Amino acid sequence: MSNAKMMENTEHEMIRKSVRSLCERFPEEYWRETDEKEEYPTAFVQALTQEGWLSVLIPEEYGGAGLGMKEAAIILEEINRSGGNAGACHAQMYTMGAVLRHGNDDQKQRYLPKIASGELRLQAFGITEPTAGSDTTSIQTFAERKGDKYVVHGQKIWTSRAEHSDLMLLLARTTPKDQVKKKTDGLSLFLLDMKEQADKIDIRPIDTMVNHATTEVFFEGAEIPVENLIGEEGKGFRYVLSGMNAERILIASESVGDGLYFTDKSVQYANERVVFNRPIGQNQGVQFPIAKAYMDIQAAKLMRDKAADLFEAGLDCGAEANMAKYLCAEATWRAANAAMDTYGGYGFAKEYNIERKFREARLFMVAPIANNLVASFVGQHVLGMPRSY
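Please read these numbers as outputs of a predicted model, since none were measured by experiment.

**Student:** Give a description of the overall build of the protein that names residues and reports values.
**Tutor:** Summing up its helical and strand segments, the protein has 12 helices and 10 strands in all. Taken over C-alpha atoms, the radius of gyration comes to 21 Å for the protein, in line with the 21 Å a tight globule of 389 residues would show. For the protein, with 389 residues in total, the buried portion stands at 54%. Here the contacts in the protein between residues at least 6 apart in sequence split such that 73% fall between residues at least 24 apart. A gap of 4 Å separates the mean positions of the 45 positive and 55 negative side-chain charges of the protein.

Printed below as a string of structure tokens:
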């Protein structure tokens, strides 16, 4: 192993230990209580911000840590492995994929230092719409240029943390779809100041099976200064792909954390629980599903690491990022079911925490993109087969 690799491994282990130490201050009772009350974990997010973990991808010149995607992945993985839910704050990391690569110097100077310090939160990513779903090019939210500003009308759905964010990374049409040569043209990416435009934005919470602070957002003439346009007008779709690839890698990391959480808990319970005068982990019917899920998680983790390496190198990682998200979510879902089977009836008791993590792990089978759509992407764009839909 090279000296550089050894140093990287040492740095990564230091990050893991530091994040675990922080998470110890927020035990599973904390997460169970926020889940039951459907509360945003404000204290946890503040602690992450104060220790600099949410600004890990922001360059040092803007007050961040200046680290890479692999380090960000490790942070979210450890949060979820500790029994927490990194979904409360992960957007501040994956939105950096678009802002850092395509934002201009003025935008970075105006926003990044305040985001790094916690003065501003960038936790909302406005893309999905009720009538478009995963067909992003069919979104209808429109930003009309009027002088030195854009005026936005439309609706977004499944926009998590909008109530707890100051800024939103917003994708909107600036040219109607029927007036562009390519359906991916005419979409623009903006930084919207939601606090400043609060009277022109209606945020409505959606009651869901997980505590993800998700909402639908209505824009009723919200104004965005021209200087808050990311990159060129009409080129937003290609910019948002940077954010989507980062999102896939980071969601895969949360799945890895969930999967290892389930494995840790299953092994502990299987070794301690005695039935018929023997630990239940001695039974192959209990032991083998746990072991198989663990092997699947470790294999999926390798794809996550490959995607993160490609992203950091500035190379195309669309296939790897999507495959990582798919593989990690699938492996973790197997681990979740193995945990439920291991705990039996106790897995359904809230005090054991398995049922909460079970619900949270299921989300990543369908979000931020359904695994069937990942399969169709790989079939068409990686393997060259006909489009399946």
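Having seen the model, we can carry on.
**Student:** Give a description of the pairing of strand 3 (residues 149-160) that names residues and reports values.
**Tutor:** Sheet analysis places strand 2 (residues 142-146) next to strand 3, joined by five bridges and oriented antiparallel. Its bridge partner being in strand 3, R145 is matched across the sheet by Y150. Judged from the 11 bridges that link them, strand 3 and strand 7 (residues 214-225) form a sheet pairing that is antiparallel. Paired with H153 across the bridge in strand 7 is E220.

**Student:** Lay out the pattern of salt bridges with the relevant residues and their values.
**Tutor:** Throughout the structure, instances matching the rule amount to 26 salt bridges. Note that R81 and D264 form a salt bridge whose closest N and O atoms lie 2.9 Å from each other. Note that R81 is positioned in helix 4 (residues 69-81) and D264 in helix 8 (residues 236-272), a separation of 183 residues in sequence. With relative accessibility at 29%, the residue R81 sits in the partly exposed group.

**Student:** Report on the side chain of E330, specifying residues and quantitative values.
**Tutor:** Relative to the assigned elements, E330 resides in helix 10 (residues 318-343). It turns out E330 is buried and unbridged, and the closest side chain with the opposite charge, R334, is 4.1 Å from it. A polar atom in the side chain of E330 sits 3.0 Å from the side chain of N371. Excluding residues within four positions of it along the chain, E330 makes contact with M365 and N371.

**Student:** Before we move on, can you summarise the environment of S82 with the specific residues and values?
**Tutor:** If you trace the backbone, S82 turns up in the loop between helix 4 and helix 5 (91-94). Separated by 55 residues in sequence, S82 and T137 have C-alpha atoms that sit 38 Å apart. Other than its neighbours up to four places away in sequence, S82 contacts C23, E28 and Y261.

**Student:** Let's hear about the nonpolar core: which residues, and what values?
**Tutor:** Within the largest apolar cluster, 63 residues are counted, with the highest numbers of intra-cluster contacts made by I79, M93 and I115. Setting aside anything within four residues of it in sequence, one finds I115 in contact with I58, Q92, M96, L120, L122 and L167. One finds A252, M340, F358 and A361 within the second-largest nonpolar core, a separate group that totals 31 residues.

**Student:** Can you explain a nonpolar patch on the surface? Please cite residues and give values.
**Tutor:** A contiguous nonpolar surface patch, about 290 Å² in accessible area, is contributed by V382, L383 and M385. In this fold, L383 is placed in the segment after helix 12 (371-382). According to the relative accessible area criterion, L383 is exposed, its value standing at 57%.

**Student:** A description of helix 4 should follow, citing residues and the corresponding values.
**Tutor:** For helix 4, spanning 13 residues, the distance from its first C-alpha to its last is 18 Å, which sits close to the expected 18 Å at 1.5 Å a residue. Where burial is concerned, most of helix 4 is hidden: 12 out of the 13 residues are buried. Three or more residues of helix 4 are buried, namely M69, K70, E71, A72, A73, I74, I75, L76, E77, E78, I79 and N80. As for helix 4, its buried residues are in contact with helix 1 (3-23), helix 3 (42-50), helix 5, helix 8, helix 9 (284-312) and helix 11 (354-363). In the stretch just after helix 4, G83 is the one whose phi turns positive, near 105 degrees.

Reading the values: rules and limits
- Residues numbered from 1 in each chain as written.
- Predicted model: local features only at pLDDT ≥ 70, side-chain atom pairs only at ≥ 80, totals over all residues.
- Heavy atoms only, no water.
- Helix = DSSP H or I, 4+ residues; strand = E, 2+ residues; numbered from the N terminus.
- Rg over C-alpha atoms; globule rule 2.2 N^0.38 Å.
- Buried < 20%, exposed > 50% of the residue type's maximum accessible area, 1.4 Å probe, protein only.
- Contact = heavy atoms within 4.5 Å.
- Lys, Arg positive; Asp, Glu negative; His and termini not counted.
- Charge placed at Lys NZ, Arg CZ, Asp CG, Glu CD.
- Pairing = 2+ DSSP bridges.
- Salt bridge = Lys/Arg side-chain N within 4 Å of Asp/Glu carboxyl O.
- Polar contact = N/O pair within 3.5 Å; in protein donor to acceptor, adjacent residues only side chain to side chain.
- Core = buried A, V, L, I, M, F, W, Y, C linked by side-chain atoms within 4.5 Å.
- Patch = residues over 30% accessible without salt bridge, like charges linked within 9 Å, V, L, I, M, F, W, Y side chains within 5 Å.
- Areas by Shrake-Rupley, 256 points an atom, 1.4 Å probe, with all protein chains shown as cover.
- Expected span 1.5 Å × (residues − 1).

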